Structures are given as C-alpha cells and as structure tokens.
Amino acid sequence: MAEVTFLADHAFLPDGWGQNVLIRVDTHGIIEAVEPNAGNTGGAERLRGATLPGLPNLHSHTFQRGMAGLAERRGPAHDSFWSWREVMYRFVRVLTPDDVEAIAAMAMVEMLEGGFTSLAEFHYLHHAPDGAPYANPAEIAERIAAAAARTGIGLTLLPVLYTYGGFGSQPSGDGQRRFLNDLGGYFRLHEASAKALRDLPGSVVGVAPHSLRAVSPEQLNRLVDALPDGPIHIHIAEQMKEVEDCLAWCGRRPVAWLADNVTLSGRWTLIHATHMDEGEVAAVAASGAVAGLCPITEANLGDGVFEGIAFLGHQGRIGVGSDSNVEITAAGELRMLEYSQRLRHRGRNLLAGHEGASTGETLYRAALEGGRQALAQTVGAIAPGQRADLVVLDTAHPAFASGRPVDFLDAYVFGAGSEAVATVIVAGKPVVSDGRHRGRDPIVRRYRETLLRIIAS
Ligand SMILES: [Zn+2]
C-alpha cells in the first residue's frame with residue numbers, strides 16, 4: 001500500500017481531543033506522525049466528524065453469530081446458560097469448515113461496522129462433526145484467518161485447549177467432541193495455527209486454556225511453560241454454578257484458585273471474571289491481568305453482574321468483547337457495562353471514577369488500553385508507531401448536536417451507538433464507508449445461504 005495522510009476534523013488523542021489533526025500513515029499501515037492544528041494540509045484525505053482509535057474486541061466465538069435469535073424461545077425447564085449451551089452444541093454438530101468461514105466473515109463485517117477494528121477469536125471448534133481430527137489440524141483456524149483477510153479486521157487467534165467435561169478432569173460429553181485435544185494435539189494445533197496466520201499482517205497467535213472446567217492443573221502449568229509468548233486467555237467464573245462446582249472440587253473459588261496456582265500478569269486475560277469476592281478483585285487488579293467483559297452476552301445468558309465499581313476502584317484493567325455475537329456493537333458493550341452497574345446499585349455514572357469525568361470517555365479509554373493488552377497488538381491510540389485503526393463518527397447525527405468534543409464519547413456510547421459509525425479504517429485502509437462494509441453484499445448472501453442450509457438440516 002502507498003503512504004497515506006488523513007486530516008481529521010477532530011481526533012481522540014492520548015491526551016484528549018485535537019482539532020485539524022494530520023495523521024500520516026506509512027506503507028505498512030503504521031502511524032508515522034500525528035500533528036494537531038495542522039496548517040499545510042495539501043493532499044490529505046479529509047476525515048469529517050470525530051475520529052477515534054478503533055476498539056479491540058477481546059473475546060469472540062464468531063461461529064455463534066449464526067445462532068443469534070435462535071435460542072430465545074422458552075424451553076421445557078428453567079432456561080439458563082447451561083440450556084443455551086445445549087443449543088450451541090446442537091448448532092456446532094452440523095457446521096462445515098465452509099460454514100464456519102461464511103459465518104465468521106459475516107460477524108467480522110458487523111464488528112467493523114459496529115466500531116471494532118481488531119478481534120481476539122477464542123477458537124475451540126477444531127475437529128470434524130464426528131470428533132475425528134481433520135488432516136490439517138488448523139483446517140478451521142485457516143477459515144477464520146481467511147475471513148479476517150477478506151474483511152480486513154486485525155486478528156489475534158487464540159487456539160483453545162479443551163480436554164475435560166468438568167472440574168477434576170471429568171470425562172467430556174458428546175456435544176464437546178469437536179473441541180477436544182490432549183496436550184500433544186494442542187501443540188500441533190498451535191503450531192499449525194501460527195502457520196495459518198503467516199500471511200496475515202499484524203496478526204498474533206495466543207494461548208487459550210478453555211476454562212478450569214476443561215483443562216487440568218497439570219495441563220495449565222505445562223501449557224504456560226511450553227508457550228512463553230503471546231497472550232493467555234481463559235474463561236473464568238462466568239456462572240455461579242461454575243463457582244460452586246469449583247468450590248466442591250478444590251475448596252477455592254475459580255479466580256482465587258487461578259491466582260494461587262499460576263503467575264497472573266499482563267499476559268493474562270480473564271474472560272467473564274464476573275463472580276469475584278473482594279480478595280479476588282484485589283488480586284486480579286494488582287496482577288495487571290485484564291478482566292475481559294462481554295456485557296451484552298453476559299446479560300443475554302443471565303450470567304450476573306461484574307464487580308465493576310470495586311474493580312475499577314482498585315485500578316483494574318478491563319476490555320470488552322462481543323463473545324456470542326448475539327448483537328455486535330462496541331458502543332453497546334460499554335453502555336451495557338455501565339447500565340448493569342446502574343441497575344444493580346441504583347445510581348448513575350458509576351464507572352466514571354471522579355467528579356466531572358465523562359463515563360463514555362472513561363470506559364472507551366479503559367477498553368482501548370485493556371483491549372490492546374489482551375490482543376497483544378500495537379493498536380489503541382492515534383500516536384506514532386501504532387497501527388492506523390480508526391473509527392470515524394458522523395457528528396451530523398442528532399446525538400452530537402451539542403457540537404462539543406467533550407461530549408462526543410458520551411453521545412456515541414449512550415446516544416447514537418453504531419449508527420454514528422461512518423468510516424472505518426484498518427492499517428490505513430478504509431474497510432467501511434457510509435456505515436457499510438465495502439465487501440458486505442456477497443458476504444451477506446453467502447451467510448444467508450449457509451444459515452438456511454443449517455436450519456434445514
Ligand atoms: Zn466465550
């Protein structure tokens with residue numbers, strides 16, 4: 001790609017809003033220079049409205065996008081995360097690698113249109129429907145990489161180790177057979193996944209023990225020792241039943257057990273650290289690990305409410321993810337995060353930190369920093385050395401009528417949401433214009449055909 005220079009009317013810089021900001025991007029899509037109050041702007045491409053660093057999406061299972069709206073009908077007994085999981089297992093049973101690619105591309109288009117410019121894909125669907133490994137262990141990882149290449153989203157791929165069906169190395173169930181590997185199989189998968197990403201610029205491969213339900217303590221330690229590079233993500237403490245089962249297994253809660261048995265650090269992202277007591281909150285915050293929150297999915301699945309006030313009070317690091325992809329919106333995840341706190345504590349502006357602080361801006365900034373750390377990508381700021389991942393908001397939307405930059409992030413998060421996303425640029429290249437992904441139509445067509453076939457079967 002050629003060098004490109006943008007001129008943003010307003011740009012959200014590390015120290016606040018700047019006006020008439022020149023952003024010079026090199027041939028690799030990396031920001032070379034940022035110049036506010038630019039005088040000479042000859043030849044620059046104008047970004048009208050408000051330009052933000054694109055938000056990293058730190059947790060997703062893209063294939064679950066295909067289930068959106070298909071698990072909202074009341075079942076015979078109490079519906080919960082666990083009955084939803086049975087629906088997911090049935091859905092997984094029929095997916096071919098082609099199907100996974102079609103659904104992933106659809107989800108990634110919606111992520112880009114929804115203000116996410118990079119993605120950590122927590123990838124656990126590895127084998128054929130009968131559980132037999134494909135000849136290429138990265139068969140499906142390659143499909144996810146292909147969807148990322150086609151849509152232009154920045155990818156951190158997290159191949160998942162999934163061995164057991166419950167705490168204490170319980171045998172796995174039938175619905176889990178496409179996910180399973182022993183440690184040897186996992187190392188082959190990890191190596192093949194790294195190869196699958198070789199031609200995808202800026203991509204990262206990480207490590208993902210699925211949960212304390214699905215891996216043993218021995219596996220967890222060997223995994224972390226054997227793969228010393230890349231981010232580590234784990235599902236932890238999403239459901240109260242998970243906490244109770246963990247207590248029954250070892251006498252400790254999941255987050256406490258993890259903090260005692262591995263060296264938590266900035267390498268770690270704890271997905272759904274929903275159920276934490278005071279000691280767990282303090283331990284995770286002090287470790288520098290990111291709490292990976294997926295507020296829309298957590299609401300959809302009835303998981304519970306994150307200890308947001310306490311965790312941010314301890315300067316804990318947070319980021320957001322779209323997880324089940326039932327609805328895909330960067331602003332909407334931040335809004336739901338704050339609203340869950342308001343409903344629980346019956347107050348307002350609970351995560352803003354101090355008097356006068358903007359809630360939208362506080363949460364957006366926190367999710368940029370936590371997301372950057374969780375994805376281990378050089379993104380999350382409009383600054384030299386960062387990848388030029390930009391989301392341009394249309395400030396002609398009525399939510400921005402005040403015209404004041406100090407209100408822009410609150411107008412985006414609490415008012416307009418994804419409707420305001422006009423242009424999205426990844427690595428200096430525009431992928432969304434006028435709110436629509438440039439490759440949208442054929443991807444939607446293929447997605448529809450795929451879904452109709454899956455539902456018919
Ligand atoms: Zn998840």
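Given the structure is predicted, the values throughout are model-derived calculations rather than measurements. (Residues numbered from 1 in each chain as written. Predicted model: local features only at pLDDT ≥ 70, side-chain atom pairs only at ≥ 80, totals over all residues. Heavy atoms only, no water.)

1. Things to note about the coordination of the zinc ion
To keep things clear, this is the line we draw: Sites may look incomplete because water is not among the atoms; the donors themselves are N, O and S atoms within 2.8 Å of the metal, or within 3.2 Å for Na, K and Ca. Any coordination sphere not matching a tetrahedral pattern (four donors, all angles between 85 and 135 degrees) or a square planar or octahedral pattern (four or six donors, opposite donors over 155 degrees apart, other angles between 65 and 115) is reported as irregular. A run of H or I in DSSP counts as a helix once it spans at least four residues, and a run of E counts as a strand once it spans at least two, with each numbered from the N terminus.
Coordination sphere of the zinc ion, protein contribution only: H59 (NE2), H61 (NE2), H235 (NE2) and D323 (OD), at 2.0 to 2.8 Å. Considering all four donor atoms around the zinc ion, angles at the metal cover 80 to 171 degrees and the coordination shape is irregular. One chain supplies every donor to the zinc ion, and in sequence these donors are spaced H-x1-H-x173-H-x87-D. Here D323 lies in the loop between β13 (317-320) and α11 (330-345) and H61 lies in the loop between β5 (55-60) and α1 (81-93), a separation of 262 residues in the sequence.

2. As for the packing of aromatic side chains
By convention here, two paired aromatic rings are described through the distance between centres and the angle between planes. Where we set the bar: Aromatic rings from Phe, Tyr and Trp, taking only the six-membered ring of Trp, are treated as a pair when their centres fall within 6.5 Å; an angle between ring planes under 30 degrees marks them as stacked, one over 60 as edge-to-face, and anything in between as tilted. We call a residue buried when its accessible area falls under 20% of the maximum for its residue type, exposed when it is over 50%, and partly exposed in between, using a 1.4 Å probe and counting protein chains only.
One pass over the structure, following the stated rule, counts 16 aromatic pairs. Between F81 and W84, the ring centres sit 6.0 Å apart and the planes meet at 35 degrees, which makes this aromatic pair tilted. Here the residue F81 and the residue W84 both occupy positions in helix α1, the gap between them amounting to three residues, near one helical turn. You'll find F81 and W84 in the same group, each marked buried. Between Y339 and F414, the ring centres sit 5.8 Å apart and the planes meet at 40 degrees, which makes this aromatic pair tilted.

3. A word on the sheet that holds strand β11 (residues 268-271)
Note the threshold: Two strands are said to pair when DSSP picks up at least two bridges between them. Lines fitted to C-alpha atoms define the axes, with helix axes restricted to the stretch in contact, and inter-axis angles between N-to-C directions lie between 0 and 180 degrees.
Pairing within the open sheet is parallel, and its four strands lie in the order β10-β11-β12-β13. The open sheet terminates on both sides in strands that have one partner only, identified here as β10 (232-235) and β13. Each strand of the sheet is rotated relative to its neighbour by a mean of 25 degrees, with strand direction disregarded. Where strand β12 (residues 290-293) meets β13, four bridges bridge the pair, whose relative direction is parallel. Its bridge partner lying in β13, G292 is registered against G319.

4. As for the pattern of salt bridges
Threshold: Note on definitions: salt bridges are taken to be side-chain nitrogens of Lys or Arg within 4 Å of carboxyl oxygens of Asp or Glu.
Enumeration according to the criterion identifies 20 salt bridges in this entry. Here E32 ties to R24 by a salt bridge, and the two come within 3.5 Å at their closest N and O atoms. Look at R24 and you get partly exposed, because its relative accessible area is 37%. What emerges from the salt-bridge pattern is a single network uniting D98, E101, E139 and R143.

5. Structural notes on the sheet that holds strand β14 (residues 390-393)
Pairing within the open sheet is mixed, and its eight strands lie in the order β3-β2-β1-β4-β14-β15-β16-β17. In this open sheet, the two edge strands, each paired with only one partner strand, are β3 (31-35) and β17 (436-437).

6. Focus on helix α8 (residues 278-287)
Along an α-helix, residues three or four apart share an orientation, since each turn contains 3.6 residues. Put simply, the test is: As used here, the arc belongs to the directions running from the helix axis to the C-beta atoms. Pairs of N or O atoms within 3.5 Å make up the polar contacts considered here, provided that, within protein, one atom can donate a hydrogen while the other can accept it, and that residues adjacent in sequence are counted only when both atoms are side-chain atoms.
Within the span of α8, buried status applies to E280, V281, V284, A285 and S287. Summarising the axial view, the buried residues of α8 lie within an arc of 165 degrees, below the 170-degree limit, and thus occupy one face. α8 presents E278 and A286 as exposed residues on the side facing more than 90 degrees away from its buried surface. Where α8 begins, the capping side chain belongs to D277, and its oxygen is found 3.2 Å from the backbone nitrogen of G279.

7. Quick word on the nonpolar core
For clarity, the threshold we go by: We define the nonpolar core as a collection of buried residues of types Ala, Val, Leu, Ile, Met, Phe, Trp, Tyr and Cys that are connected through side-chain atoms lying within 4.5 Å of one another. The contact criterion used is simple: two residues touch if any of their non-hydrogen atoms lie within 4.5 Å.
Judged by nonpolar contacts, the single largest core of 127 residues is most densely connected at L258, W268, L270 and Y412. Here this core gets ten residues from one element, more than from any other, and that element is helix α2 (residues 97-113). Those residues in contact with W268 that sit more than four places away from it in its chain are L220, V224, I232, I234, L258, V262, T263, A289 and V290. Counting 15 residues, the second largest nonpolar core, distinct from the first, contains I23, A388, L390 and I425.

8. Observations regarding the environment of E101
Within the secondary structure, E101 is located in helix α2. Note: C-alpha distance between E101 and T450 (349 residues apart in sequence) is 10.0 Å. Look past the residues within four positions of E101 in its chain and what remains in contact with it is R143, A146, A147 and R446.

9. Let's talk about helix α3 (residues 139-151)
The criterion, for reference: Under the convention used throughout, the expected extent of a helix is 1.5 Å for every residue step, that is, one less than its residue count.
With 13 residues, α3 ought to run about 18 Å at 1.5 Å a step, and its terminal C-alpha atoms sit 19 Å apart, in line with that. Within α3, burial applies to E139, I140, A141, R143, I144, A145, A147, A148 and T151. G152 sits one or two positions beyond α3 and adopts a positive phi of about 90 degrees.

10. Observations concerning the environment of A68
Its location among the elements puts A68 in the loop between β5 and α1. On the basis of relative accessible area, A68 is assigned to the partly exposed category, the value being 25%. Separated by 383 residues in the primary sequence, A68 and L451 have C-alpha atoms spaced 11 Å apart. Aside from chain neighbours lying at most four places away, what touches A68 is N325 and V326.

11. Re the environment of G428
Mapped onto the fold, G428 is located in the loop between β15 (421-426) and β16 (429-433). When sequence neighbours within four positions are dropped, the list of residues in contact with G428 reads M1, V4, F6, V25, G29 and A388.

12. Some details on the pairing of strand β6 (residues 116-123)
Consecutive side chains along a regular strand alternate between the two faces of the sheet. Going by this rule: Call a crossover right-handed when, viewed with both strands pointing away from you, the route from the first strand across the helix to the second goes clockwise.
Counting buried residues along β6, eight of its eight residues qualify, which places the element largely inside the surrounding structure. Relative to β6, β5 runs parallel, the two being bridged by four bridges. Counterpart to N57 in the pairing with β6 is L119. The pairing of β6 with strand β7 (residues 154-161) spans six bridges and is parallel. If you follow H123 over to β7, its bridge partner there is P159. In this region the chain leaves β6, passes through α3 and returns to the parallel neighbour β7; the handedness of that crossover is right-handed.

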